[in-house]
Every structure is written in C-alpha cells, then in structure tokens.
Amino acid sequence: MPKLTSEKKRKSGATPVKIMDTTLRDAHQSLLATRLRTEDMLPIAAKIDKVGYAAIEMWGGATFDTSIRYLREDPWERLRKLKKVMPKTPFQMLLRGQNLVGYRHYADDVVERFVDRAISNGIDILRIFDALNDLRNLKMAFKATLKYGGKVEGSFCYTLSRFHNNNLFVELAKRLEDMGSDAICIKDMAGLLSPYAAFDLVSKLKEAVSVPIHLHSHDTSAMAVSTYLKAIEAGVDIIDTAISSMASGTSHPPVETIVNILKGSRYDPGMDMALLTKIADYFKEVRKKYKEFESDYTGVDPRVLVYQIPGGMTSNLALQLSEQQALDRMTEVLEEVPRVRKDLGFPPLVTPSSQIVGTQATLNVLTGERYKVITTETKNYLKGLYGKPSGPINKEIQKKGVGGEERVTCRPADLIEPELEQSRLRLRKENKSAAKSVEDLLTYTMFPKVALDFFEKRDNADKRVAEVAEKGGVPADETSRESPPLIAPSEFTVKVHGETFQVKVGGMGHPGEGGRPYFIYIDGQLEEVLVESQLEVVQSEEGRIDSRVGGRSTRPKVADEGDVTTPMPGSVVAIKVRVGNKVKAGQVVLVIEAMKMQSEVHTPVSGVVKAIYVKEGDRVNPDEVLVRVG
Ligand code: MN
C-alpha cells in the first residue's frame, strides 16, 4: 500500500495518535527506583530515535536527584550525551514547577537559570506541574521556558476527591492555555483515571481548549490500556507509553500493545514493530541488571484506586517501614495516608506532596499518636509555603502545626529572595572548580549536601583515573605481592539502609594508620576504602555474597526517659544543642532527614544536655540514644 501523505491522511479521516516514550525516565523511575544508568541508555538510543515518537521523556522527575545521590552520574552530562546520539526526536522533561527537580520552592532566579540551562543542554519540551495544582507555582517556569525557546506542556495532576471533578480540570486546562501552554497534559501519576472518565474528560477538554491534549497514565490497576483507548476515541492527541519490557504495572502501557490495538484503524500510529521488538529485547536484558531495585509492588494493584498512592510512593513507604522492621504495619500506613491527605485539603499525591503525606502518615502510625511529631515539611505545608490545595485544610491540625505563626497567602516564591549569588559564594568556598559551572551551581543549589559529596567523588574519580593511567595499570596490581586477598569472592553486593551497591574488590594496599586501604569499585566507580574492622561475609540463599563492612553503631540503647532518639531511621541534618545546654521539655534538639523529609526531634524532658552521640550526616535508628538529657 502506498504511504499516505499527511494531506491524504487528513482527507481519508486518519488521525494517527502520537506517542511519547517514557522508557528513559518514568518507566525506570516507576519500576527500578530510577536507577537506569546512562551507559545502559546509550547503546539503544539511536534505535529509539528512529521509532517516530512525538517525544522522548528522558530527564527530570526523580532522575536528577538519583543520578547524583546514588549513581554518581552527572545528570547534565546524561542529557548532552543522549542528545548527541538522538538528534531527531524532541526531548521532554518533567519539571515540578517552582520545585524544579527538588523538594522545596526555589527562588525565581534559580527557576529561570535552571530552565535556561535545561533547554541549552538539549531539552525541547518541559512538562510543568504543581503538586497542589496551584497555578501560581507554574508562572515562573512557564515564563522562563517561553523566554528560552522551549515548549511548555502545562499539566494538571489528576486526582479523585469531592473537590476534584472534570469541571475543575477543564477550568485548570483553560487557565494553562491562557498562560501559554503549547499542549495540556492530564497527569494521572497514580493511574486513577478510568476509561469512561477519560472519555468524558478528554471530550470536555477538546471542546474547551485548542492546544493538543497529552495523556499520562500509569498501569498500576491495569486500566491504562482501556483508558488510553477511550481517550483516543475522544480525540486525545498524545499518549505516554513505555517499551513492553519496561512497561505495565506501576509503569505505563506497552507501546507495542497500543500499536497492535490501533493497527488499521484511523488512529494507527504506524510504527515499525520489528524495530520496537529489537528495543524491547534490549531492555529485557538490561532490566535484569537492575533486579535489586525491582519494586515488590510492580504487579497489578487495584488498591491504588482506594489509597491513591503512586507506585513509587508505595515502594518508598515499604522501604521506610522495612528499615524500621515495621513492614507489618504497611496496611495501617496505607490506611492513614487518605486520612492525612484529607487533613491537608486533598492534595494530589505526587512529589513533593506524596512525600509530605507519606512521611506524616508513617509518623502518625509509628509514634502511636497522630501528629505527635510533625515534619518541617508538613509544618511548611500547613503554613501555605507550598501553595493552596483544592480542598480546605483541617483547622485543628493547622493550629497544631503552625501555632501562632503567620500563614502565607501569596505565591510562596514571592517570599524567597534571589538565591543564586549566595549559593555561588558558598559553593566557591566548598568546591572552586564546581562553582565555575552554572550547571554545577544549580545542582548544588537544589541538593547542597548531596551535590558536594557528588562533586568530591567526581573529582577523585577523575584524579584516580589519571593516576592509574600514569602507572599503566590498576591499583590492584600494586598489592599483588602482598598476602593473598582476605576475601575470596571479588564481587558481591552490599546492602546499606535498603540501598544495594554492586561492589567489586580491585585489590588492597599496605596496612597503615587507620586501617588497610582496599581499592573497591562501587557500582562501577573506583573508590579507596579504609577497612578498620573485620569484613563480615555471608552467603545468601541464592549463592550471592552479601557483605557488611564492620563498625557498628556504638551509641547506647534507649533506656531512660531523657534518652532522645529519632522517630524513624534517617540522617542527622542539624544539631540544635550543645553539651551543658539547659533544655525544656518539647525543645528541638536535632533535625533528622528521612524519606527526603525533615523532622524536628524534641527532648521529652527538661534538664541539661549530658551527652550528644551524633554528628551532622550520621545515619541514625530509633533504638539508639542520640542526645542524653538528664
Ligand atoms: Mn508518571
């Protein structure tokens, strides 16, 4: 059959649906805790570029944070590398409005510069949303995107409550169009949109706005394929899919399924199945490498319709609870989530509101008293610092969290002074070379602690590569004259606080002060580790070697009422007291970060600070004494 030109297609009534591929962003964020590495994207990139996708979503969302925090990869570098090998298809990213790719509101100058650099490094389309659907939080990102020549996909988060209905969504879409959107996205991040609701919503949107409608849904409850089909019948312009081997469950519907369903119809996107099969085969193999990160919650889960919790959030909650050895309380936490959501005015559950609600719900369950501990983020939310949700906030909880402090009613970012210059000065003190790059400065501004650590590791890795090259070998060779290695298997996995690292021992050095240096590749990166104590090596059932480096916590166990501990496992962000300080019951002594949220830790009794067992950055657990008051 001869190919139809677009003119002929139009006359023949063909309206092929456009497809965006999410494999390089949301699919692995939903299935593999966002761990897919650039090195596993590059070999297949050219093929993906050939498919004829309307766009490829490959950046933003959680990929930025995960890259620097866990993968030790520069997210900016990923963007540039992929752009080089994928010149044809537009690149799309997910941007959390004023939160960018972080978890708090940044100043307007940070938003403008970030959008500018994202576009210059290769992003074509920015899907911009706000977790509360507060459109004031999108203003700056829209303005910057339009200024720097990007396309804006204005989004609203789809959620269900008595304050959310299709009339509200149509109203939001109209305002998004007025603000300059080139397309409107229905962001159904939890997969709540049912087929007939989609038909109704898309029909209404098509009547109300003239820009293309883009539907983003997840297959968590296995409705998404039908939902897409009804949306297509109602005239949706673009849908989000993933390659089959990275699709379904908490991810998106498989592109091949959609292509097969639509084959021969007026909506036929006309994609090359043989090419798609090659890509699917590739990811089938790649996915095996990330087995450790597969969520336990990737199957069909209709409970999502009850709890409205996105897949990524469920696995986060599970991880948090298992660290606490409280996985058996998962159902209680899942049931507490909708109650907290109601108290907070029914925010859609998406980053960062999903973390705020999820952590607060976890605390409410684990502490045995609702809102006994209120995280800093919950407090800021109650204050209005994230904007305005669609429903009313529970007044009592608000009073408990905010007290007499003034509430914010303006656009929250109006209260934030420009940040970039101050940030640059701080970074210059910490890492001169990073301060020279605008991209590094932005990374640092959004994730100060993680970024410094990342820069340092990056600098060291560069140095080490140079050193090794100079010596003409790997550091392991140097030590081969030493006694044989203590550890027989040279490759194993290490689990630290739920994170799994692939470790390969390259060799060891001469024992010296502070221990014996080991040259170890952690997730492919060469590191030098000083091992002071014994290495505990345990053979697991599957024959894999799990190993923990010795050196356990030496903090005393909680025994006394003046022993201050943490309500949940996390790391110490700030210490607010010194030994000898007089403190009153209820006073803040520490700030802990857990699940990317901060909580204040209070002393339960009045007295004098007798001892502090932690320093900033320490990982801590609930049974340990962090500060002793007596
Ligand atoms: Mn999503």
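Scroll up for the structure.
A.B. asks: How should I be thinking about the overall build of the protein in this particular structure?
C.D. replies: Scanning the protein for helices and strands turns up 23 helices and 22 strands. Relative to its full complement of 630 residues, the protein shows a buried share of 54%. Looking at the protein alone, contacts between residues at least 24 apart form 70% of all its contacts between residues at least 6 apart.

A.B. asks: Teacher, can you tell me more about the coordination of the manganese ion here?
C.D. replies: For a metal bound by four donors in a tetrahedral arrangement, the ideal donor-metal-donor angle is 109.5 degrees, while six donors in an octahedral arrangement ideally sit at 90 or 180 degrees. Coordination of the manganese ion by the protein involves Asp-26 (OD), His-216 (NE2) and His-218 (NE2), with metal-donor separations of 2.0 to 2.2 Å. Coordination of the manganese ion draws on donor residues from a single chain, spaced D-x189-H-x1-H in sequence. Note that Asp-26 is positioned in helix α2 (residues 23–31) and His-218 in the loop between β7 (213–217) and α10 (224–233), a separation of 192 residues in sequence. Taking the relative accessible area as the measure of exposure, Asp-26 reaches 4% and is therefore buried.

A.B. asks: Mind showing me how you'd approach the pairing of strand β1 (residues 18–21) here?
C.D. replies: In summary, the side chains of a regular strand alternate between the two faces of the sheet. As judged from the four bridges shared by β1 and strand β8 (residues 238–241), these two strands associate in the parallel manner. Counterpart to Ile-19 in the pairing with β8 is Ile-239. Pairing analysis gives two bridges linking β1 to strand β2 (residues 55–60), with the strands arranged parallel. Across the sheet, the residue bridging to Asp-21 is Ile-56, located in β2.

A.B. asks: Looking at this model, I keep getting lost on helix α15 (residues 330–343). Mind explaining?
C.D. replies: Count 3.6 residues to each turn of an α-helix, and residues three or four apart come out pointing the same way. Compared with an ideal rise of 1.5 Å per residue, which puts 14 residues at 20 Å, α15 spans 20 Å between its outermost C-alpha atoms and is within 8% of the ideal. All of the buried residues along α15 are Met-330, Val-333, Leu-334, Glu-336, Val-337, Val-340, Arg-341 and Asp-343.

A.B. asks: It is not clear to me how the sheet that holds strand β5 (residues 151–157) should be interpreted in this structure. Could you clarify?
C.D. replies: What holds strands together in a sheet is hydrogen bonding between their backbones, with the strands either parallel or antiparallel. Spatially, eight strands are ordered β1-β2-β3-β4-β5-β6-β7-β8 in a closed barrel, and the strand pairing comes out parallel. Within this sheet the neighbouring strands show an average axis-to-axis angle of 30 degrees, counted without direction. In terms of strand pairing, β2 meets strand β3 (residues 91–95) through four bridges, oriented parallel. Bridging across to β3, Glu-57 finds its partner in Gln-92.

A.B. asks: Is there a simple way to explain the pattern of salt bridges in this structure?
C.D. replies: Side chains carrying opposite charge are able to pair once their charged atoms draw close together. Counting across every chain of the model gives 42 salt bridges. A salt bridge links Asp-301 to Arg-303; the nearest nitrogen and oxygen atoms lie 3.4 Å apart. Asp-301 gets classed as buried once you look at its relative accessible area, which sits at 15%. On the accessibility criterion, Arg-303 (33% relative accessible area) is partly exposed. Notably, a salt bridge pairs Arg-555 with Glu-624, separated by 2.6 Å at the nearest N-O pair. Of this pair, Arg-555 sits in the loop between β14 (545–549) and β15 (563–564) while Glu-624 sits in the loop between β21 (619–620) and β22 (627–629); the two residues are 69 residues apart in sequence, bridging distant segments of the chain. Residues Arg-555 and Glu-624 agree in their burial class; the two are buried. Each of the salt bridges in this network shares a partner with another, and the network as a whole consists of Arg-113, Asp-116, Arg-117 and Glu-439.

A.B. asks: What am I meant to see in the environment of Arg-175 here?
C.D. replies: With respect to the helices, strands and loops of the structure, Arg-175 is situated in helix α8 (residues 166–178). Residue classification places Arg-175 among the partly exposed residues on the basis of a relative accessible area of 44%. Between the alpha carbons of Arg-175 and Leu-135 there is a distance of 8.3 Å; along the sequence they are 40 residues apart.

A.B. asks: In this structure, what is going on with a positive patch on the surface? I would like to understand it.
C.D. replies: Residues Lys-47, Lys-50, Lys-88 and Lys-278 make up a contiguous surface patch of positive charge. Mapped onto the secondary structure, Lys-50 falls in helix α3 (residues 38–50). Taking the relative accessible area as the measure of exposure, Lys-50 reaches 56% and is therefore exposed.

A.B. asks: Help me understand the packing of aromatic side chains in this model?
C.D. replies: Any pair of aromatic rings gets described here by the distance separating the centres and the angle formed by the planes. According to the stated counting rule, one finds 14 aromatic pairs in the structure shown. On the basis of an interplanar angle of 20 degrees and a centroid distance of 6.1 Å, the ring pair of Phe-64 and Phe-447 is categorised as stacked. Pair noted here: Phe-64 is in helix α4 (residues 63–71) and Phe-447 is in the loop between α21 (438–446) and α22 (448–471), with a separation of 383 residues, a long-range link. Across the pair, Phe-447 and Phe-64 agree in class, each one buried. Ring centres of Tyr-381 and Tyr-386 lie 6.4 Å apart, and the angle between their planes is 35 degrees; this geometry places the pair in the tilted category. Residue classification places Tyr-381 among the buried residues on the basis of a relative accessible area of 2%. Each residue in the set Trp-59, Phe-64, Trp-76, Tyr-103, Phe-114 and Phe-447 is aromatic and connected to the rest through ring pairs, giving one cluster.

A.B. asks: Got a minute to help me understand the side chain of Ser-67 in this structure?
C.D. replies: Looking at the secondary structure, you find Ser-67 in helix α4. Among the polar contacts made by the side chain of Ser-67, one reaches the main-chain carbonyl oxygen of Thr-63 at a distance of 2.7 Å.

A.B. asks: I keep staring at α8 and nothing clicks. Help me out?
C.D. replies: Relative to the 18 Å expected for 13 residues at 1.5 Å per residue, α8 spans 18 Å between its end C-alpha atoms, a close match to the ideal helical length. Within α8, the full set of buried residues consists of Asn-166, Phe-169, Val-170, Leu-172, Ala-173 and Leu-176. In an axial view of α8, the angular spread of the buried residues amounts to 160 degrees, which keeps them on one side of the axis. Pointing more than 90 degrees away from the buried face of α8 are the exposed residues Asn-167 and Asp-178. At its buried positions, α8 is contacted by α7 (139–147), β5, β6 (183–188) and α9 (195–208). Positive phi appears at Gly-180, one or two residues downstream of α8, with a value of about 110 degrees.

A.B. asks: How should the packing of α3 against helix α5 (residues 75–85) be read in this particular structure?
C.D. replies: Packed helices, taken two at a time, are described by the angle between their axes plus the distance between the axes. One can describe the packing of α3 onto α5 by two numbers: an axis separation of 8 Å at closest approach and a directional angle of 30 degrees. As far as their axial angle goes, α5 and α3 are roughly parallel. Where α3 crosses over α5, the two elements pack in a sense that is right-handed. On α5, the residues touching Thr-38, Met-41, Leu-42, Ala-45, Ala-46 and Asp-49 of α3 are Arg-78, Lys-81, Leu-82 and Val-85. Taken together, the residues that form the contact of α3 with α5 break down as six nonpolar, one polar and three charged.

A.B. asks: Sorry if this is basic, but what is going on with the pairing of strand β16 (residues 570–575) here?
C.D. replies: Within β16, five of the six residues are buried, leaving the element largely enclosed by the surrounding structure. Direction of pairing for β16 relative to β21: antiparallel, over a ladder of two bridges. Opposite Gly-570, over in β21, you have Val-620 as the bridge partner. Summarising the sheet, β16 and strand β18 (residues 588–594) pair through four bridges and their orientation is antiparallel. The partner of Val-572 across the bridge, within β18, is Ile-592.

What counts, and at which threshold
- Residues numbered from 1 in each chain as written.
- Predicted model: local features only at pLDDT ≥ 70, side-chain atom pairs only at ≥ 80, totals over all residues.
- Heavy atoms only, no water.
- Helix = DSSP H or I, 4+ residues; strand = E, 2+ residues; numbered from the N terminus.
- Buried < 20%, exposed > 50% of the residue type's maximum accessible area, 1.4 Å probe, protein only.
- Contact = heavy atoms within 4.5 Å.
- Donors = N, O, S within 2.8 Å, 3.2 Å for Na, K, Ca; no water.
- Pairing = 2+ DSSP bridges.
- Expected span 1.5 Å × (residues − 1).
- Axes fitted to C-alpha atoms, helices over the stretch in contact; angles between N-to-C directions.
- Salt bridge = Lys/Arg side-chain N within 4 Å of Asp/Glu carboxyl O.
- Patch = residues over 30% accessible without salt bridge, like charges linked within 9 Å, V, L, I, M, F, W, Y side chains within 5 Å.
- Areas by Shrake-Rupley, 256 points an atom, 1.4 Å probe, with all protein chains shown as cover.
- Lys, Arg positive; Asp, Glu negative; His and termini not counted.
- Charge placed at Lys NZ, Arg CZ, Asp CG, Glu CD.
- Phe/Tyr/Trp six-rings, centres within 6.5 Å; stacked < 30°, edge-to-face > 60°.
- Polar contact = N/O pair within 3.5 Å; in protein donor to acceptor, adjacent residues only side chain to side chain.
- Arc of directions from axis to C-beta.
- Parallel < 35°, antiparallel > 145°, perpendicular 65-115°, else oblique.
- Left-handed = near helix turned anticlockwise from the far one by under 90°.
- Nonpolar A, V, L, I, M, F, W, Y, C, P; charged D, E, K, R; others polar.

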